[in-house]
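The chain contents come next:
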Amino acid sequence: MSTTLFSRSPARRPGRPARTEDRIDRPRDYVTLGAGGVVAMFLLLAALGPLISPHDPNAVDPLNVNAGASAVHLLGTDDTGRDILSRLISGTRSSLAAPAVVILISTTLGTMLALTAAWAGGWIDRFVSGALDVIFGFPGLIMAVLAAAVFGAGLTAPVVALSIAYLPLITRVVRSAAIKERNLPYVSALQLLGAPTHRIWLRHLLPNLLPFVLVQATIGFGYALLDVAAISFLGLGSQPPDPEWGLMVSNGAPSILAGQPQQSLYAGLVILVVVVAFNLLGTGLSRRLLGEDA
(Lines give C-alpha, C1' and ligand atoms only; values in the text may rest on other atoms or scores of the structure.)
Protein backbone atom coordinates (compact mmCIF):
# COMPACT_ATOMS: atom_id res chain seq x y z
CA MET A 1 0.00 0.00 0.00
CA SER A 2 1.41 3.36 -1.01
CA THR A 3 2.32 5.90 1.67
CA THR A 4 0.58 8.60 -0.32
CA LEU A 5 -2.39 8.41 -2.62
CA PHE A 6 -1.79 11.60 -4.55
CA SER A 7 1.07 11.89 -7.03
CA ARG A 8 0.09 15.23 -8.56
CA SER A 9 -0.87 18.62 -7.31
CA PRO A 10 -4.60 19.32 -7.21
CA ALA A 11 -6.02 20.95 -10.31
CA ARG A 12 -8.16 23.21 -8.12
CA ARG A 13 -8.35 24.22 -4.49
CA PRO A 14 -9.90 21.58 -2.23
CA GLY A 15 -13.59 22.07 -1.89
CA ARG A 16 -14.02 24.10 -5.05
CA PRO A 17 -17.25 23.04 -6.79
CA ALA A 18 -16.88 21.17 -10.05
CA ARG A 19 -17.99 22.87 -13.20
CA THR A 20 -21.58 22.21 -14.21
CA GLU A 21 -20.56 20.50 -17.42
CA ASP A 22 -18.35 18.07 -15.43
CA ARG A 23 -21.13 16.78 -13.21
CA ILE A 24 -22.20 13.17 -13.69
CA ASP A 25 -21.35 13.12 -17.36
CA ARG A 26 -18.76 10.35 -17.42
CA PRO A 27 -19.03 6.62 -16.73
CA ARG A 28 -16.65 6.82 -13.79
CA ASP A 29 -18.99 9.27 -12.07
CA TYR A 30 -21.68 6.60 -12.15
CA VAL A 31 -19.14 4.10 -10.80
CA THR A 32 -18.54 6.44 -7.86
CA LEU A 33 -22.28 6.80 -7.28
CA GLY A 34 -22.71 3.03 -7.45
CA ALA A 35 -19.87 2.50 -4.98
CA GLY A 36 -21.43 5.08 -2.68
CA GLY A 37 -24.73 3.25 -2.92
CA VAL A 38 -23.09 -0.04 -1.95
CA VAL A 39 -21.35 1.60 1.00
CA ALA A 40 -24.61 3.21 2.11
CA MET A 41 -26.41 -0.14 1.88
CA PHE A 42 -23.88 -1.88 4.11
CA LEU A 43 -23.93 1.00 6.59
CA LEU A 44 -27.71 0.57 6.72
CA LEU A 45 -27.28 -3.16 7.27
CA ALA A 46 -24.84 -2.40 10.10
CA ALA A 47 -27.51 -0.29 11.76
CA LEU A 48 -30.50 -2.56 11.15
CA GLY A 49 -28.91 -5.97 10.64
CA PRO A 50 -30.10 -7.74 13.81
CA LEU A 51 -33.61 -6.42 13.20
CA ILE A 52 -33.99 -7.58 9.61
CA SER A 53 -32.16 -10.91 9.67
CA PRO A 54 -34.57 -13.65 8.57
CA HIS A 55 -33.30 -16.05 11.26
CA ASP A 56 -31.43 -15.99 14.53
CA PRO A 57 -27.79 -15.84 13.33
CA ASN A 58 -26.63 -18.11 16.15
CA ALA A 59 -29.46 -20.65 16.03
CA VAL A 60 -27.89 -24.09 15.54
CA ASP A 61 -29.70 -26.83 13.60
CA PRO A 62 -27.72 -30.13 13.72
CA LEU A 63 -30.20 -31.73 11.30
CA ASN A 64 -29.58 -29.11 8.62
CA VAL A 65 -25.80 -28.87 8.44
CA ASN A 66 -24.15 -27.46 5.30
CA ALA A 67 -27.47 -27.40 3.48
CA GLY A 68 -27.66 -25.80 0.07
CA ALA A 69 -29.74 -22.80 -0.90
CA SER A 70 -33.47 -23.21 -0.35
CA ALA A 71 -36.60 -21.15 0.17
CA VAL A 72 -35.98 -21.22 3.92
CA HIS A 73 -32.22 -20.62 3.79
CA LEU A 74 -31.53 -18.50 0.72
CA LEU A 75 -27.75 -18.93 0.93
CA GLY A 76 -27.75 -22.28 2.70
CA THR A 77 -26.44 -23.13 6.16
CA ASP A 78 -23.00 -23.48 7.71
CA ASP A 79 -21.29 -26.42 9.38
CA THR A 80 -23.55 -26.15 12.45
CA GLY A 81 -26.79 -25.49 10.59
CA ARG A 82 -26.87 -21.71 11.11
CA ASP A 83 -28.42 -19.58 8.38
CA ILE A 84 -25.60 -18.00 6.36
CA LEU A 85 -27.61 -15.02 5.09
CA SER A 86 -28.66 -14.10 8.62
CA ARG A 87 -25.08 -14.32 9.84
CA LEU A 88 -23.81 -12.16 6.98
CA ILE A 89 -26.43 -9.50 7.67
CA SER A 90 -26.01 -9.55 11.46
CA GLY A 91 -22.24 -9.66 11.13
CA THR A 92 -22.14 -6.41 9.17
CA ARG A 93 -22.07 -4.35 12.36
CA SER A 94 -19.14 -6.13 13.99
CA SER A 95 -17.29 -6.46 10.68
CA LEU A 96 -17.43 -2.72 9.99
CA ALA A 97 -17.13 -1.44 13.56
CA ALA A 98 -13.51 -2.43 14.16
CA PRO A 99 -12.19 -0.93 10.88
CA ALA A 100 -14.20 2.20 11.61
CA VAL A 101 -12.50 2.56 15.01
CA VAL A 102 -9.08 2.03 13.38
CA ILE A 103 -9.73 4.76 10.83
CA LEU A 104 -11.27 7.11 13.40
CA ILE A 105 -8.28 6.86 15.75
CA SER A 106 -5.59 6.97 13.06
CA THR A 107 -7.28 9.81 11.17
CA THR A 108 -7.82 11.95 14.26
CA LEU A 109 -4.30 11.47 15.61
CA GLY A 110 -2.74 11.64 12.16
CA THR A 111 -4.45 14.92 11.31
CA MET A 112 -3.36 16.49 14.59
CA LEU A 113 0.22 15.27 14.10
CA ALA A 114 0.24 16.57 10.53
CA LEU A 115 -1.00 20.00 11.56
CA THR A 116 1.49 20.19 14.43
CA ALA A 117 4.42 19.21 12.22
CA ALA A 118 3.42 21.54 9.38
CA TRP A 119 2.77 24.47 11.72
CA ALA A 120 5.83 24.14 13.94
CA GLY A 121 8.35 23.00 11.34
CA GLY A 122 11.98 22.62 12.38
CA TRP A 123 12.96 19.80 14.70
CA ILE A 124 9.34 18.98 15.52
CA ASP A 125 8.58 18.33 11.87
CA ARG A 126 11.75 16.24 11.52
CA PHE A 127 10.93 14.26 14.66
CA VAL A 128 7.37 13.50 13.52
CA SER A 129 8.58 12.49 10.05
CA GLY A 130 11.27 10.22 11.51
CA ALA A 131 8.84 8.57 13.91
CA LEU A 132 6.42 7.94 11.04
CA ASP A 133 9.21 6.33 9.02
CA VAL A 134 9.90 3.94 11.89
CA ILE A 135 6.22 3.05 12.28
CA PHE A 136 5.82 2.54 8.54
CA GLY A 137 8.63 -0.03 8.63
CA PHE A 138 6.37 -2.41 10.59
CA PRO A 139 3.52 -3.96 8.58
CA GLY A 140 0.20 -3.31 10.27
CA LEU A 141 -0.97 -6.91 10.12
CA ILE A 142 2.19 -8.18 11.82
CA MET A 143 1.84 -5.53 14.54
CA ALA A 144 -1.75 -6.59 15.11
CA VAL A 145 -0.83 -10.29 15.32
CA LEU A 146 1.92 -9.54 17.82
CA ALA A 147 -0.45 -7.39 19.88
CA ALA A 148 -3.04 -10.18 19.95
CA ALA A 149 -0.36 -12.72 20.88
CA VAL A 150 0.81 -10.56 23.81
CA PHE A 151 -2.53 -9.30 25.13
CA GLY A 152 -4.75 -12.22 24.16
CA ALA A 153 -7.34 -12.89 21.49
CA GLY A 154 -9.90 -10.20 20.85
CA LEU A 155 -10.19 -7.04 18.81
CA THR A 156 -9.00 -4.44 21.33
CA ALA A 157 -5.24 -5.00 21.00
CA PRO A 158 -5.28 -5.49 17.19
CA VAL A 159 -7.40 -2.35 16.72
CA VAL A 160 -4.92 -0.27 18.75
CA ALA A 161 -1.98 -1.78 16.85
CA LEU A 162 -3.59 -1.17 13.46
CA SER A 163 -4.48 2.41 14.46
CA ILE A 164 -0.79 3.07 15.14
CA ALA A 165 0.27 1.33 11.93
CA TYR A 166 -2.12 3.46 9.87
CA LEU A 167 -0.85 6.75 11.30
CA PRO A 168 1.78 7.35 8.57
CA LEU A 169 -0.78 6.83 5.80
CA ILE A 170 -2.93 9.75 6.86
CA THR A 171 -0.26 11.95 8.46
CA ARG A 172 2.01 12.15 5.41
CA VAL A 173 -0.79 13.13 3.06
CA VAL A 174 -2.31 15.73 5.38
CA ARG A 175 1.11 17.10 6.37
CA SER A 176 2.03 17.73 2.73
CA ALA A 177 -1.23 19.57 2.14
CA ALA A 178 -0.96 21.42 5.46
CA ILE A 179 2.51 22.75 4.61
CA LYS A 180 1.18 24.23 1.37
CA GLU A 181 -1.79 25.72 3.20
CA ARG A 182 0.45 27.03 5.99
CA ASN A 183 2.53 29.02 3.50
CA LEU A 184 -0.43 30.80 1.89
CA PRO A 185 -0.61 34.58 2.46
CA TYR A 186 -3.93 34.51 4.32
CA VAL A 187 -2.35 32.52 7.19
CA SER A 188 0.37 35.13 7.65
CA ALA A 189 -2.27 37.85 7.52
CA LEU A 190 -4.30 36.16 10.24
CA GLN A 191 -1.21 35.86 12.43
CA LEU A 192 -0.41 39.54 11.94
CA LEU A 193 -3.96 40.37 12.99
CA GLY A 194 -3.38 38.44 16.21
CA ALA A 195 -5.66 35.49 15.49
CA PRO A 196 -4.95 32.66 17.97
CA THR A 197 -3.43 29.48 16.59
CA HIS A 198 -6.36 27.27 17.55
CA ARG A 199 -8.78 29.55 15.69
CA ILE A 200 -6.64 29.48 12.54
CA TRP A 201 -6.54 25.70 12.75
CA LEU A 202 -10.24 25.16 13.38
CA ARG A 203 -11.73 27.85 11.14
CA HIS A 204 -9.30 27.86 8.24
CA LEU A 205 -6.74 25.04 8.01
CA LEU A 206 -8.93 22.08 8.98
CA PRO A 207 -11.83 22.94 6.62
CA ASN A 208 -9.39 23.21 3.71
CA LEU A 209 -7.74 19.92 4.64
CA LEU A 210 -10.95 17.94 5.14
CA PRO A 211 -11.12 16.74 1.49
CA PHE A 212 -7.68 15.15 1.88
CA VAL A 213 -8.68 13.59 5.18
CA LEU A 214 -11.97 12.27 3.79
CA VAL A 215 -10.39 10.68 0.72
CA GLN A 216 -7.58 9.04 2.69
CA ALA A 217 -9.96 7.75 5.37
CA THR A 218 -12.36 6.30 2.79
CA ILE A 219 -9.67 4.36 0.95
CA GLY A 220 -7.94 3.39 4.19
CA PHE A 221 -11.18 1.86 5.48
CA GLY A 222 -11.00 -0.88 2.85
CA TYR A 223 -7.46 -1.82 3.87
CA ALA A 224 -8.43 -1.75 7.54
CA LEU A 225 -11.36 -4.07 6.83
CA LEU A 226 -9.01 -6.54 5.16
CA ASP A 227 -6.56 -6.44 8.05
CA VAL A 228 -9.26 -6.90 10.70
CA ALA A 229 -10.80 -9.77 8.71
CA ALA A 230 -7.37 -11.40 8.44
CA ILE A 231 -6.88 -11.12 12.21
CA SER A 232 -10.25 -12.80 12.81
CA PHE A 233 -9.44 -15.43 10.18
CA LEU A 234 -6.34 -16.33 12.19
CA GLY A 235 -8.49 -16.73 15.30
CA LEU A 236 -6.95 -13.72 17.06
CA GLY A 237 -9.79 -11.24 16.57
CA SER A 238 -13.51 -11.84 16.88
CA GLN A 239 -14.39 -15.06 18.64
CA PRO A 240 -17.28 -17.53 18.05
CA PRO A 241 -20.21 -17.28 17.84
CA ASP A 242 -19.77 -13.70 16.56
CA PRO A 243 -20.86 -13.66 12.88
CA GLU A 244 -17.89 -11.52 11.82
CA TRP A 245 -17.04 -12.00 8.14
CA GLY A 246 -13.37 -12.91 8.56
CA LEU A 247 -14.28 -15.42 11.24
CA MET A 248 -16.95 -16.88 8.97
CA VAL A 249 -14.35 -17.43 6.24
CA SER A 250 -12.16 -19.24 8.76
CA ASN A 251 -15.00 -21.35 10.20
CA GLY A 252 -16.10 -22.42 6.74
CA ALA A 253 -12.63 -23.43 5.54
CA PRO A 254 -12.85 -27.10 6.70
CA SER A 255 -16.14 -27.51 4.81
CA ILE A 256 -14.51 -26.48 1.54
CA LEU A 257 -12.68 -29.81 1.33
CA ALA A 258 -16.03 -31.54 1.82
CA GLY A 259 -17.47 -29.71 -1.19
CA GLN A 260 -19.50 -27.24 0.89
CA PRO A 261 -17.78 -23.86 0.34
CA GLN A 262 -20.83 -21.64 0.76
CA GLN A 263 -19.96 -20.10 4.15
CA SER A 264 -16.40 -19.08 3.20
CA LEU A 265 -17.42 -18.19 -0.34
CA TYR A 266 -20.23 -15.81 0.54
CA ALA A 267 -18.34 -14.20 3.43
CA GLY A 268 -15.29 -13.70 1.21
CA LEU A 269 -17.42 -12.20 -1.55
CA VAL A 270 -19.01 -9.75 0.87
CA ILE A 271 -15.57 -8.64 2.09
CA LEU A 272 -14.43 -8.22 -1.52
CA VAL A 273 -17.50 -6.17 -2.48
CA VAL A 274 -17.17 -3.83 0.51
CA VAL A 275 -13.42 -3.30 0.04
CA VAL A 276 -13.81 -2.57 -3.69
CA ALA A 277 -16.73 -0.22 -2.99
CA PHE A 278 -14.74 1.83 -0.48
CA ASN A 279 -11.74 2.00 -2.83
CA LEU A 280 -13.87 3.10 -5.80
CA LEU A 281 -15.66 5.64 -3.62
CA GLY A 282 -12.34 7.01 -2.34
CA THR A 283 -10.97 7.24 -5.88
CA GLY A 284 -14.08 9.06 -7.03
CA LEU A 285 -13.92 11.48 -4.10
CA SER A 286 -10.27 12.13 -4.89
CA ARG A 287 -11.20 13.08 -8.43
CA ARG A 288 -14.17 15.23 -7.50
CA LEU A 289 -12.79 16.92 -4.39
CA LEU A 290 -9.10 17.18 -5.23
CA GLY A 291 -9.11 17.39 -9.01
CA GLU A 292 -7.35 14.04 -9.44
CA ASP A 293 -8.01 12.67 -12.95
CA ALA A 294 -6.03 9.45 -12.65
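Below is a short write-up of the structure.

Reading the values: the criteria
- Residues numbered from 1 in each chain as written.
- Predicted model: local features only at pLDDT ≥ 70, side-chain atom pairs only at ≥ 80, totals over all residues.
- Heavy atoms only, no water.
- Axes fitted to C-alpha atoms, helices over the stretch in contact; angles between N-to-C directions.
- Helix = DSSP H or I, 4+ residues; strand = E, 2+ residues; numbered from the N terminus.
- Left-handed = near helix turned anticlockwise from the far one by under 90°.
- Contact = heavy atoms within 4.5 Å.
- Nonpolar A, V, L, I, M, F, W, Y, C, P; charged D, E, K, R; others polar.
- Patch = residues over 30% accessible without salt bridge, like charges linked within 9 Å, V, L, I, M, F, W, Y side chains within 5 Å.
- Areas by Shrake-Rupley, 256 points an atom, 1.4 Å probe, with all protein chains shown as cover.
- Salt bridge = Lys/Arg side-chain N within 4 Å of Asp/Glu carboxyl O.
- Buried < 20%, exposed > 50% of the residue type's maximum accessible area, 1.4 Å probe, protein only.

Notes on the packing of helix H2 (residues 84–120) against helix H6 (residues 167–182)
Between H2 and H6, the shortest axis-to-axis distance is 8 Å and the interhelical angle comes to 35°. Of the two elements, H2 crosses H6, and the hand of that crossing is right-handed. Between H2 and H6, the contacting residues are Ser 106, Thr 107, Leu 109, Gly 110, Thr 111, Leu 113, Ala 114, Leu 115, Ala 117, Ala 118 and Trp 119 on the first element and Leu 167, Ile 170, Thr 171, Val 174, Arg 175, Ala 178, Ile 179 and Arg 182 on the second. For the contact of H2 with H6, the class distribution of residues is 12 nonpolar, 5 polar and 2 charged.

Overview of a nonpolar patch on the surface
Judged by side-chain polarity, Val 31, Leu 265, Leu 269, Leu 272, Val 276 and Leu 280 come together as a nonpolar surface patch covering roughly 480 Å² of accessible area. No other element matches the 5 residues that helix H10 (residues 262–290) contributes to the nonpolar patch. With respect to the element layout, Leu 272 can be found in helix H10.

Section: the pattern of salt bridges
Within this structure, the stated rule accounts for 6 salt bridges. In this structure, Arg 82 and Asp 78 form a salt bridge, with 2.8 Å as the shortest nitrogen-oxygen distance. Just as Arg 82 is buried, Asp 78 falls in that class too. Arg 172 is the salt-bridge partner of Asp 133, the closest N and O atoms lying 2.2 Å from each other. Residue Asp 133 is located in helix H3 (residues 122–136), and its partner Arg 172 is located in helix H6; the two are separated by 39 residues in the primary sequence. When its relative accessible area of 24% is taken as the criterion, Arg 172 is described as partly exposed.

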